[in-house]
Amino acid sequence: MSRFKQAKPKDPHVILAEVVRTERVTPNMVRVTFGGESLRLFEPLGHDQWFRLFLPRAGQQALRLPTRSSALWYAQFLRMPKDQRPYVRNYTVRAFRPAGAAAAAAAAGDSTAGASSAGAALAHPELDVDFVLHGSGSGPASDWAASAAPGDTAGILDQGIAYTPAHDPDWHLIAVDETGLPAAAGILASLPRDARGHAFVELPTAADAQHLDAPAGVEVHWLPRAAPGSTAQTPHAPHTAGTGHTPGTAHTPGTAHALDAAHLPDAAHTPDAAHQVPGRLALEAASALTLPEGRGYAYLAGESALATGLRRHLVAQGMPKSDISFVGYWRIGHAAAG
Ligand SMILES: Cc1cc2nc3c(=O)[nH]c(=O)nc-3n(C[C@H](O)[C@H](O)[C@H](O)COP(=O)(O)OP(=O)(O)OC[C@H]3O[C@@H](n4cnc5c(N)ncnc54)[C@H](O)[C@@H]3O)c2cc1C
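Note that the coordinates shown come from a computational prediction; the quantities given were computed from them, not determined experimentally.

Asker: Requested: an account of the packing of helix α6 (residues 280-287) against helix α7 (residues 304-316), with residues and values cited.
Answerer: Between α6 and α7, the shortest axis-to-axis distance is 9 Å and the interhelical angle comes to 15°. As far as their axial angle goes, α7 and α6 are roughly parallel. The way α6 lies across α7 gives a crossing that is right-handed. Only Leu306, Gly309, Leu310 and His313 of α7 make contact with α6, whose side of the interface consists of Ala282, Leu283, Ala286 and Ser287. Across the contact of α6 with α7, the residue classes break down as five nonpolar, three polar and no charged.

Asker: Account for the sheet that holds strand β1 (residues 14-26), naming residues and giving values.
Answerer: Within the open sheet, the seven strands sit side by side as β4-β3-β7-β1-β2-β6-β5. Their pairing is antiparallel. Each edge of the sheet is formed by a strand with only one pairing partner; in this case those strands are β4 (87-92) and β5 (95-97). Between one strand axis and the next, the sheet turns through 35° on average, direction left out of account. In this sheet, strand β7 (residues 153-160) lies alongside β1 in antiparallel orientation, the contact comprising five bridges. Counterpart to isoleucine 15 in the pairing with β7 is isoleucine 156.

Asker: Just give me the short version of the nonpolar core, but keep the residues and values in it.
Answerer: Membership of the largest hydrophobic core comes to 46 residues, with the highest contact counts inside it found for Ala175, Ala184, Val201 and Leu300. When residues of this core are traced back to their parent elements, those giving at least two are β8 (171-176), α5 (181-190), β9 (196-203), β10 (217-224), α6, β11 (296-303), α7 and β12 (324-330). Among the elements that line this core, the one with the most residues is α5, at six residues. Discounting residues that sit within four places of it in the chain, leucine 300 has contacts with Ala175, Leu306, Ala307, Leu310, Arg311, Ile324 and Phe326.

Asker: I'd like a rundown of α5, residues and numbers included.
Answerer: In terms of burial, α5 is largely enclosed, as eight of its ten residues are buried. Considered for burial, the residues of α5 that qualify are Leu181, Pro182, Ala183, Ala184, Ala185, Gly186, Ile187 and Leu188. Tucked inside the fold, the buried residues of α5 contact β4, β6 (126-132), β8, β9, β10 and β11.

Asker: Break down the site of the ligand for me, with residues and values.
Answerer: Near the ligand lie 27 residues; those nearest to it are Thr92, His134, Gly139, Ala335 and Ala336. Among the secondary structure elements, those contributing two or more residues to the shell around the ligand are β4, β6, α4 (140-147) and β12. No other element matches β4, which puts four residues into the shell around the ligand.

Asker: Give me the lowdown on the sheet that holds β11, citing residues and values where you can.
Answerer: Strand order in the open sheet formed by five strands is β10-β9-β8-β11-β12, with parallel pairing between adjacent strands. Looking at strand neighbours, the two that pair on one side only are β10 and β12, the edges of this open sheet. Here the strands of the sheet are splayed against their neighbours by 10° on average, with no regard to which way each runs. Relative to β9, β8 runs parallel, the two sharing five bridges. From the neighbouring strand, histidine 172 faces β9, where its bridge partner is glycine 197. Contacts from α5 reach β8, β9, β10 and β11 within the one sheet, and its direction differs from that of β8 by about 160°.

Asker: Tell me about the pairing of strand β2 (residues 29-35), and name the residues and values.
Answerer: Judged by how many residues are buried, β2 sits mostly within the fold: seven of seven residues are covered. Every second residue of β2 is oriented toward a common face, with Met29, Arg31, Thr33 and Gly35 on one face and Val30, Val32 and Phe34 on the other, all of them buried. Taking the residues that link successive antiparallel strands as the turn, the β1-β2 hairpin has two residues. In this structure, β2 lies alongside β6, joined through seven bridges in antiparallel fashion. Opposite methionine 29, over in β6, you have valine 132 as the bridge partner.

Asker: Describe the environment of histidine 198, listing the residues and the values that go with them.
Answerer: With respect to the helices, strands and loops of the structure, histidine 198 is situated in strand β9. Overall, the presence of 21 C-beta atoms within 10 Å leaves histidine 198 in the buried class. In sequence terms histidine 198 and alanine 298 are 100 residues apart; their C-alpha atoms lie 9.6 Å from each other. The contacts of histidine 198, once residues within four sequence positions are left out, are Leu173, Val218, Glu219, His221 and Leu289.

Conventions we followed
Residues numbered from 1 in each chain as written. Predicted model: local features only at pLDDT ≥ 70, side-chain atom pairs only at ≥ 80, totals over all residues. Axes fitted to C-alpha atoms, helices over the stretch in contact; angles between N-to-C directions. Helix = DSSP H or I, 4+ residues; strand = E, 2+ residues; numbered from the N terminus. Parallel < 35°, antiparallel > 145°, perpendicular 65-115°, else oblique. Left-handed = near helix turned anticlockwise from the far one by under 90°. Contact = placed C-beta atoms within 7 Å. Nonpolar A, V, L, I, M, F, W, Y, C, P; charged D, E, K, R; others polar. Pairing = 2+ DSSP bridges. Core = buried A, V, L, I, M, F, W, Y, C linked by C-beta atoms within 7 Å. Buried ≥ 20, exposed ≤ 12 C-beta atoms within 10 Å, placed from the backbone. Near = placed C-beta within 6 Å.

Set out below in C-alpha cells:
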C-alpha cells in the first residue's frame, strides 16, 4: 500500500464484530453486514474510512486478535505463532448505521422493514462492508466473504480516512477500480452538495454499478471491463464468482440498488483485451480529462498501477503532490501481507 496522509480515528478499538446478514448486491460484490453492541465503539467518519479486518485462518478454533489499537497491534500480531495469527486485510466502510436497520426503518416510517429483515429487530449499530469477489480460492478475504453467514465473527480496527484535502478544493477527481467503489461512494456522499468534479469507477461488468449519492456537479463515469450483459470477471481471475449461489447470500444482481439513468454505464462500450487488465480503463479515461480551472483534489485507489500511474500523470500536468491521495489497494499477482 502506498504511503498517504491520513486523518486517524481519535479512540480506535479492536472490535470483535458479528455477521448479521449478507447480500450479493451485484454479480461480483457481496455486502457483509456486521452488527452488535461492540460496534458502539466504532466512530463513523464518512469519506473513505477504512479499517484492518482480522479473519480466522482455516482450521482455527477461535479468532485470535491483537489487543492494542495503536500501531503496536502489529508487533503483537508478529509475536503470535504463525498458525494462530489471523489473516489481516484492509476494507472500507460502505455504510454505518448507529442504531441499526430497525431504527433506521422506523425513522423512515417503514414499520415492516425492520421486522422482516433477519437479525435487524434489535436497534444495534450496523456496519456494511462491500467485498469484491475475485475468484474462489484466490484470497482469504474474498473467500471468507463469499461464504460468510450470520454468527461468523471478524475483528475490526479503524484506521481513519485518506481523503484529507488541506484546502477547500474547487473540484474533485476520484478514480478507482471496483475495490475502491466503497471509498468512492463514501467520499461522494460526504462531499458538500455543491461540489464539482469527476468520478471514474472501473467495474468488472456494467451490472456491478451501484447507486451513488453524488453531488449533482460531480459526473460519475462507469467503466465496465466486460462486454454488456456479461457477468464474467477479468481474465486473470480463476473463477467466475458472480454466477453461483453462495450459501447465506441472496443473489439479486443489479436489482438491490436503483441506478440513476444518467449515471448508467455506456451500453455500447466494449473494451478490448488490453483494457480488461484491472485499472487500465480508469487510468486512461481519467488521464484524458482536461483538468478544470482552479485548485483541485484527487483520490486515486485500486490496483497499484492505476493509483501510481494516474498520480504520475497528474503531477506531470502540474497538480501538487500534496493535492493527491493515492492508495495502491492491491497488486495483480501479489497477495496482501498478513
Ligand atoms: C485502504 C484499503 C481499503 C480497501 N477497501 C476495500 C473494500 O472496501 N472492498 C474490497 O473489495 N477491497 C478493498 N480493498 C482491497 C483489498 O484489501 C484487496 O483486494 C485484498 O488483497 C483482498 O484480500 P484477499 O485475501 O481476498 O486476496 P489476497 O490474499 O490479498 O490476494 C490473493 C490474490 O488475489 C489477487 N487479488 C486481490 N484483490 C483482488 C481483486 N480485487 N481483484 C482481482 N484479484 C485480486 C491478488 O493479486 C493475489 O494474486 C482495500 C484496500 C485498501 C488498502
